[in-house]
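Given next are the chains, with one letter for each unit.
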Protein chains: 2
Amino acid sequence: MADNTHTVTSFETELHKLRAMMAEMGEITQQQVTLALDAITEHEPEAAQKAITLDPRVDALERDVEALAIRMLALRSPMGADLREIVAALKITGDLERIGDYAASIAKRAAIVSEESGNIPLGGLRNMGRLVIENIALMVKALVGQNPTLALEVWHADRAIDEQYTTLFRELVTYMMEDARNIRPCTELLFVARNLERIGDHATNIAERVFYAVTGENMPASRPKGRKVTTASITGEVLAAHQDGQSAKADDAEGEQPPAPRPSAP
Amino acid sequence: MADNTHTVTSFETELHKLRAMMAEMGEITQQQVTLALDAITEHEPEAAQKAITLDPRVDALERDVEALAIRMLALRSPMGADLREIVAALKITGDLERIGDYAASIAKRAAIVSEESGNIPLGGLRNMGRLVIENIALMVKALVGQNPTLALEVWHADRAIDEQYTTLFRELVTYMMEDARNIRPCTELLFVARNLERIGDHATNIAERVFYAVTGENMPASRPKGRKVTTASITGEVLAAHQDGQSAKADDAEGEQPPAPRPSAP
């Protein structure tokens, strides 16, 4: 009996540690995304450097979570909800690591954007960045508090991010068409926008996992997602001038990923 | 004793099934990347459709692997190498799912590229695509055969992919500078190139895991990686004409990811 109590207590301690490491990962990636966007839109090179410097810590935490998970699986033989939580942690840290990686990738583009984006309005990017940062903050709250209501909010809010991406994509291609000097910085900004959109997708993945972990149910699969664009769906006078009468088709399918049923423990 | 034999046999059967599912995932993603590139460079719309249609199967296999892994962890309490293999499977399927996703994303860009890339030479993209497909095939072989020598080859070969990406990136931005009508298709091709580069990174991640799983050691961390570029490192007459005398800096740091030590089981 004493032994059993000891085991349970150790397991609880380890589970607490696992959650704390995930919370730390979430908070660091949130900080990274904020810094990376400040670097791009407010021209703060020190913020860029800081976002990049934080990345190895995120990678190290992913490895630490994996090591602890293996240890817990080997020594505690967890079952049911405990087992599912540990497996979910292995997957969630994969998404968090990607978010940190995309944030660092954005930060690395800051130097050239600052240098050459003098004529390019960054309002659209600021809007998209604000939405993504808000959603990451919400996702971290949902994750730390294991809160399915917040998780559902994250999932719904991703639609606005996708819509903002569509708008921004069109805007940037238009600037490139208007003036060839915009091509260099706008190419960088297109990648920044795409990375932000991917960060939003990973936050949504995490939200889906939190929702499933707590409720045992999948999120409703019918969320109407925002239209994703390729250049094919861009219209407007500037573009039309270069189109030579070719038709433009919307690519509605891209990025459409309804939440899939999660596997359940036996 | 009879019971014990029964348990071991069931575990072996399940492990065999787990490996078969991962092999199937690897082979499908290899097929997806091949189809997606045919769609782009050989203008085959049916190949694009096929690459996209295969994606849900990859996603389903990732979930099946997770469900089986949870089942094995719950019922068999595996230890040591068996436990590490199951945890590695959960991580590797994450990388395979990303590869499938990037391939589908490439395929979705095929329509506009086919329609508007008439004047753009696709030789550079064909070269990069060939290297990526070869490396995916090698990675699948390394994974299925748990072969550390092949895994090391995958890891080394990624350098050539990175170098080809650098070349292609410069080439595409140059075409955009030369003629504004190239901006639309070249923007798509830039994303295609970036997706291929990411596919290469995920193949390398898998190779590192296979190497560690078999040898218990990490790959040497000193591999000299190919230079990654942003537009900042692009030179050439066409670009210079638009540069207004601004300096160009190389961004050598981007994407630099030495293999990190893997956690070991207790």
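Residues numbered from 1 in each chain as written. Chains lettered and ligands numbered in written order. Predicted model: local features only at pLDDT ≥ 70, side-chain atom pairs only at ≥ 80, totals over all residues. Heavy atoms only, no water.

In this section: the overall build of chain A. Within chain A one finds eight helices and zero strands. Counting from the amino terminus, chain A carries its helices and strands in the arrangement α-α-α-α-α-α-α-α. For chain A, with 266 residues in total, the buried portion stands at 57%. Considering only intrachain contacts with a sequence separation of at least 6, the fraction spanning at least 24 residues in chain A is 82%. Taken as a whole, chain A presents about 10,300 Å² of accessible surface, with 52% of it coming from carbon and sulfur. (Helix = DSSP H or I, 4+ residues; strand = E, 2+ residues; numbered from the N terminus. Buried < 20%, exposed > 50% of the residue type's maximum accessible area, 1.4 Å probe, protein only. Contact = heavy atoms within 4.5 Å. Areas by Shrake-Rupley, 256 points an atom, 1.4 Å probe, with all protein chains shown as cover.)

The next point concerns the pattern of salt bridges. Oppositely charged side chains are able to pair whenever their charged atoms sit close together. Under the defined criterion, the tally for this structure stands at 32 salt bridges over all chains. The partner of A:E134 in a salt bridge is A:R130, with the nearest N and O atoms 3.6 Å apart. One end of the pair, A:E134, and the other, A:R130, are both in helix α5 (residues 123–145), four residues apart, so they sit about a helical turn from each other. What makes A:R130 partly exposed here is its relative accessible area of 44%. One continuous salt-bridge network, built from bridges that share partners, spans A:E97, A:R98, A:D101 and B:R198. (Salt bridge = Lys/Arg side-chain N within 4 Å of Asp/Glu carboxyl O.)

To continue, consider helix α6 (residues 148–178) of chain A. In this model α6(A) runs 46 Å from its N-terminal to its C-terminal C-alpha over 31 residues, within 8% of the 45 Å that 1.5 Å per residue would give. Two to three positions downstream of the cap, the backbone nitrogen of A:T149 sits 2.9 Å from a side-chain oxygen, assigning the N-cap of α6(A) to A:N147. (Expected span 1.5 Å × (residues − 1). Polar contact = N/O pair within 3.5 Å; in protein donor to acceptor, adjacent residues only side chain to side chain.)

Let's shift gears to the nonpolar core. A:M139, A:L196, A:I199, B:M139, B:L196 and B:I199 are the most contacted members of the largest nonpolar core, which has 160 residues in total. Residues in contact with B:L196, not counting those within four places in the same chain, are B:L37, B:I106, B:L125, B:M128, B:G129 and B:V132. (Core = buried A, V, L, I, M, F, W, Y, C linked by side-chain atoms within 4.5 Å.)

This next bit is on the confidence of the model for chain A. Scored by pLDDT, chain A comes out at a mean of 84, with 80% of its residues at no less than 70. Of the regions scoring below 50 in pLDDT, residues 222–228 of chain A engages in 28 contacts with residues more than four places distant in sequence or in other chains. (pLDDT = per-residue confidence, 0-100.)

Looking now at helix α2 (residues 45–76) of chain B. One full turn of an α-helix is made of 3.6 residues, so residues set three or four places apart face in the same direction. If you check α2(B), its first and last C-alpha atoms are 47 Å apart, about what 32 residues at 1.5 Å a residue would give, namely 46 Å. Positive backbone phi, approximately 40°, marks B:S77, located one or two places after α2(B).

Under the criterion given, the structure shown has five aromatic pairs over all chains. Residues A:F169 and B:F191 carry aromatic rings whose centres are separated by 6.1 Å and whose planes lie at 25° to one another, so their mutual orientation is stacked. Residue A:F169 is located in helix α6, and its partner B:F191 is located in helix α7 (residues 183–215); the two belong to separate chains. In terms of burial, A:F169 and B:F191 fall into one category: buried. (Phe/Tyr/Trp six-rings, centres within 6.5 Å; stacked < 30°, edge-to-face > 60°.)

Moving on to the side chain of A:T29. With respect to the helices and strands, the residue A:T29 is situated in helix α1 (residues 2–41). With sequence-adjacent residues up to four places away left out, A:T29 is seen in contact with A:V58, A:L96, A:I99 and A:G100.

Take unusual backbone geometry next. A positive phi is found at A:H43, a non-glycine position, where the angle reads about 55°. Locating A:H43 in the fold gives a position in the loop between α1 and α2 (45–76).

This next bit is on the environment of B:A137. Structurally, B:A137 can be placed in helix α5 (residues 123–145). Counting along the chain gives 106 residues from B:A137 to B:Q31, while the straight-line C-alpha distance between them is 9.4 Å.

Quick look at the packing of helix α3 (residues 80–108) of chain B against α7(B) now. Residues and elements named next belong to chain B. Viewed as axis vectors pointing N to C, α3 and α7 meet at an angle of 165°, and their least axial separation amounts to 9 Å. Taken together, the axis directions place α3 and α7 in an arrangement best described as roughly antiparallel. Two packed elements cross with a definite hand, and for α3 against α7 that hand is left-handed. Contacts from R84, A88, K91, I92, D95, L96, R98, I99, Y102, A103, S105 and I106 in α3 reach V192, N195, L196, R198, I199, H202, A203, N205, I206, R209 and Y212 in α7. Of the residues in the contact of α3 with α7, the class split is 13 nonpolar, four polar and six charged. (Axes fitted to C-alpha atoms, helices over the stretch in contact; angles between N-to-C directions. Parallel < 35°, antiparallel > 145°, perpendicular 65-115°, else oblique. Left-handed = near helix turned anticlockwise from the far one by under 90°. Nonpolar A, V, L, I, M, F, W, Y, C, P; charged D, E, K, R; others polar.)

Residues and elements named next belong to chain B. By the secondary structure assignment, T215 is in helix α7. By relative accessible area, which is 35% here, T215 ends up partly exposed. Considered as a pair, T215 and P148 are 67 residues apart in the sequence and their alpha carbons are 7.2 Å apart. At 2.7 Å, the side chain of T215 and the backbone oxygen of F211 are in polar contact. Side-chain polar atoms of T215 contact the backbone nitrogen of E217, separated by 3.0 Å.

Attention shifts here to the packing of α5(B) against α7(B). Residues and elements named next belong to chain B. In the contact formed by α5 and α7, the axes pass within 10 Å of each other and the chain directions differ by 20°. Our classification of the angle between α5 and α7 gives roughly parallel. By crossing handedness, the relation of α5 to α7 is classed as left-handed. Residue-level contacts link L125, M128, G129, V132, I136, M139, A142 and L143 of α5 to L189, V192, A193, L196, E197, I199, A203, I206 and V210 of α7. Class assignment for the residues of the contact of α5 with α7 results in 15 nonpolar, one polar and one charged.

Moving on, we come to the environment of B:S10. Residue and element names in this part refer to chain B. Its location among the elements puts S10 in helix α1 (residues 2–41). Of the residues examined, S10 reaches a relative accessible area of 17% and is grouped as buried. Between the C-alpha atom of S10 and that of R76, which follows or precedes it by 66 residues, the distance is 8.9 Å.

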